[in-house]
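# A closer look at the structure
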Amino acid sequence: MSISHSVTLPSQFSVNAKQEICPEAEKITLLIDKSRSFKHLSKIHGFIIRHGFERDPSLNFKLQRAYASLGRVKDALALFNRTSNPNVYFYSSIIHGHAINGLYDDALCLYVKMLTESVEPNEFTMSSVIKVCTLESGKAIHGHAVKFGYEANDYVRATLVGVYARCGEFVAAHRLLNRINGRNWVATTALISGYAACGDIDKARIMFDMMEERDIASWNVMIDGYAKHGKPNEALILFRQMLKSGMKPNEATLVAALSACGQVGALESGKWIHSYLSSTALENVQIATALIDMYSKSGSLEDAKKVFDGIKLKDIVAYNTMIGGYSLHGQGKDALRLFSKMCSIGLHPTDITFIAVLSACAHSGFVSEARAIFDSMKDEYEIEPKVEHYGCMVNLLGRAGQLDEAYDLVVNMSIDPDHVLWCTLLSACKLHKNTLLAEGITQLLLDHGHAGSGTFVLLSNIYASFGDWDGVARARNMMRQSGLHKEPGSSSIEVNNRVHEFLAGDLKHPRSKEIYLTLEKINEWLRDHSYIPQTDAALHDTGDMEKKRSLEVHSERLALAFGLLSTKQGSRIKIIKNLRVCEDCHGVFKLVSKITGRNIVMRDRNRFHHFVDGLCSCGDYW
């Protein structure tokens, strides 16, 4: 997460320091400061022009800043370019405006132009331009800070800490931090952000815990760091600690917390955050989009759609997120309908849009529709397909049994396929039991050093489905020799705002005895309904009874048992699994939904499964 500490610039000044601001101009500056929309700001600008104030430098400065703050950088730059002899304040403002809108190269170019025009930067200029630097340019600007006498300024030092930390130069960052007088939240937060960005969450947390006092940016960086690096439970725990401390969350906090809720499927926690939001906050498209994402990933597509429908001015990100939600739930027709509507109103799809809509086609088996959309990327929208788009197509073609076409697509790609793409094709080989192609792909990945644990697990699964236990042993031996380990399956379920996580055969839960008794009850139901376990899903060379027992304690079964004994009869049970659900558990969940009359929702690695009255929304196509 980027750290946003606004640069304080003088609100009133003129090119000529002796020039006084007329009373009318003073009133207009107040209106500009209060403006929160482009429509309102453009009306004020029109008033300024009609009444002859367009040459007033203080008004132009205010307008320039306001346009940039609303993302209208071109309008801000047009005003700047019409300013005769812009001073350091104008330059600082326009550089800052480009920086906050992600136009980093342009910000640096304006800084260079400023020096060329012999305008000397101040501490505000330095802090703004440092934030957009790479390590190389950051070192150069650090030299400028020393030259102009601002390196000793604590705020400039704090931003220098940020650029060094962001680029992984932690020794230099700590050296600068130690030279800052007293406590400096900005600098310490920048260092925490750097550790988080580099994936060293433990060191980030150590720095966070060392802070005697924290501002909202410090909390945000740590919560977001957990959320972005696969530790959503820690993110939510810290979010609750922040609320207990009396710190009021802002937009960035809520977006990070909602992201964490979506990752673990903490629907109740996400709903609480939704209820916490004011109606004004919900008008913010970024927060609304985070809610759509959370609801979609937490199994409540209905709530996601309600939030989407409530957004007055939907941007491309909102559409992408909603299309992605439909895709995750296997609602391919709805995804295509929304994609068509988005294009018809003039919104230009992005590469993210195409990933979402192609994924929706893959989950629904829409082969011809996907081909047309994939071709339109380059032909109609001039978007070059990335490996993710090829991945969607390979997944679709592979599941549809068109392995030759999927293979040809991979080998004839205009870019190099990654190991994920090959593993997608390998997964299709498992589905259609094509051992020959699977062995060839595995060898190719081994030769290029791209074989991961998932590669060997898939190959092992293929051998196991044929009862080739020697092949299973070879695959596992290759995995051990490569120093890799199989990712353990885990499942989580939220009950009373608390997330409970289970591993296969888990005995650590406080209610473990009750859980296993409930599992026995489920097994009785299955026997009474003549259910035949799909022991092909068990990857061990053992008898059918041992295979059956190993399947009975899969993590999703434990989560299901806990859900049945911990929730009210008739209420929905929602489970999140980190891996693809096996065929046997999928069949068990269908039957349990029929026997109990429960709506059971499961999100596995690929998609959502809604089990109702003995059927699954995926149509057994996953």
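The structure under discussion appears in the preceding block.
Residues numbered from 1 in each chain as written. Predicted model: local features only at pLDDT ≥ 70, side-chain atom pairs only at ≥ 80, totals over all residues. Heavy atoms only, no water.

### Topic: the sheet that holds strand β3 (residues 573–577)
Ordered by their spatial adjacency, 6 strands build an open sheet running β2-β1-β3-β4-β5-β6, and the pairing between neighbours is mixed. Both outer strands of the open sheet, β2 (498–503) and β6 (615–616), are each paired with one neighbouring strand and no more. By the bridge criterion, 2 bridges tie strand β5 (residues 608–612) to β6 in an arrangement that is antiparallel. The residue bridging phenylalanine 611 from the neighbouring strand is cysteine 616, located in β6. In this fold helix α32 (residues 555–566) packs onto β1 (490–495), β2, β3 and β4 (600–603), with an angle of close to 15° to the strand it touches most, β1. (Pairing = 2+ DSSP bridges. Helix = DSSP H or I, 4+ residues; strand = E, 2+ residues; numbered from the N terminus. Contact = heavy atoms within 4.5 Å. Axes fitted to C-alpha atoms, helices over the stretch in contact; angles between N-to-C directions.)

### Comments concerning the side chain of arginine 157
Structurally, the position occupied by arginine 157 is in helix α9 (residues 154–166). Accessibility expressed as a relative area gives 10% for arginine 157, which makes it buried. (Buried < 20%, exposed > 50% of the residue type's maximum accessible area, 1.4 Å probe, protein only.)

### Some details on unusual backbone geometry
The phi angle of most residues is negative, glycine excepted, and most peptide bonds adopt the trans form. Here serine 118, not a glycine, exhibits a phi torsion of approximately 60°, which is positive. Of note, serine 118 is situated in the loop between α6 (104–116) and α7 (123–130). With phi around 55°, asparagine 496 is a residue other than glycine that occupies positive phi space. Within the fold, asparagine 496 resides in the loop between β1 and β2.

### Observations regarding the pattern of salt bridges
Once the charged atoms of two side chains with opposite charge are near each other, the side chains can pair. Applying the stated rule across the entire model yields 19 salt bridges. One salt bridge in this structure joins aspartate 202 and lysine 231, with 3.8 Å as the shortest N-O distance. With aspartate 202 in helix α12 (residues 201–210) and lysine 231 in the loop between α13 (216–228) and α14 (232–244), the pair connects residues that are 29 residues apart, well separated along the chain. Aspartate 202 sits in the exposed class, given a relative accessible area of 52%. Note that lysine 228 is salt-bridged to aspartate 224, the shortest N-O span being 3.2 Å. (Salt bridge = Lys/Arg side-chain N within 4 Å of Asp/Glu carboxyl O.)

### Concerning α6
Here α6 is 13 residues long and its end C-alpha atoms lie 19 Å apart, about the 18 Å a rise of 1.5 Å per residue gives. Those residues of α6 that fall on the buried side of the exposure criterion are Ala107, Leu108, Leu110, Tyr111 and Met114. Around the axis of α6, the buried residues are gathered within 160° of arc, so they sit on the same side. Exposed side of α6, more than 90 degrees from the buried face: Asp105, Cys109 and Thr116 are the residues found there. Summarising the contacts, the buried residues of α6 are in contact with α4 (73–81), α5 (88–100), α7 and α8 (135–147). One or two steps after α6, the chain reaches serine 118, where phi turns positive at roughly 60°. (Expected span 1.5 Å × (residues − 1). Arc of directions from axis to C-beta.)

### Notes on the nonpolar core
Counting residues in hydrophobic clusters, the biggest one holds 156 residues, and the most contacted among them are Ile32, Val161 and Leu191. Leucine 191 has contacts with Val161, Ala165, Phe170, Ala173, His174, Leu177 and Met207, leaving out every residue within four places of it along the chain. Counting residues in hydrophobic clusters, the runner-up holds 30 residues, among them Val495, Leu526, Val592 and Ile600. (Core = buried A, V, L, I, M, F, W, Y, C linked by side-chain atoms within 4.5 Å.)

### A short note on the packing of helix α25 (residues 403–411) against helix α26 (residues 419–431)
At a closest axis distance of 11 Å, the pairing of α25 and α26 adopts a crossing angle of 170°. As far as their axial angle goes, α26 and α25 are roughly antiparallel. Where α25 approaches α26, its residues Leu403, Ala406, Tyr407, Val410 and Val411 are matched on the opposing element by Leu421, Trp422, Leu425, Ala428 and Cys429. When the residues that make up the contact of α25 with α26 are grouped by side-chain class, the tally is 10 nonpolar, no polar and no charged. (Parallel < 35°, antiparallel > 145°, perpendicular 65-115°, else oblique. Nonpolar A, V, L, I, M, F, W, Y, C, P; charged D, E, K, R; others polar.)

### Considerations on the packing of helix α24 (residues 387–399) against α26
Between α24 and α26, the least distance of the axes is 9 Å, while the angle of their chain directions is 5°. Classified by the angle their axes make, α24 and α26 are roughly parallel. In this structure, α24 uses Val387, Tyr390, Gly391, Val394, Asn395, Gly398 and Arg399 to contact α26, whose residues at the interface are Leu421, Thr424, Leu425, Ala428 and Leu431. In terms of residue class, the contact of α24 with α26 is built from 7 nonpolar, 4 polar and 1 charged.

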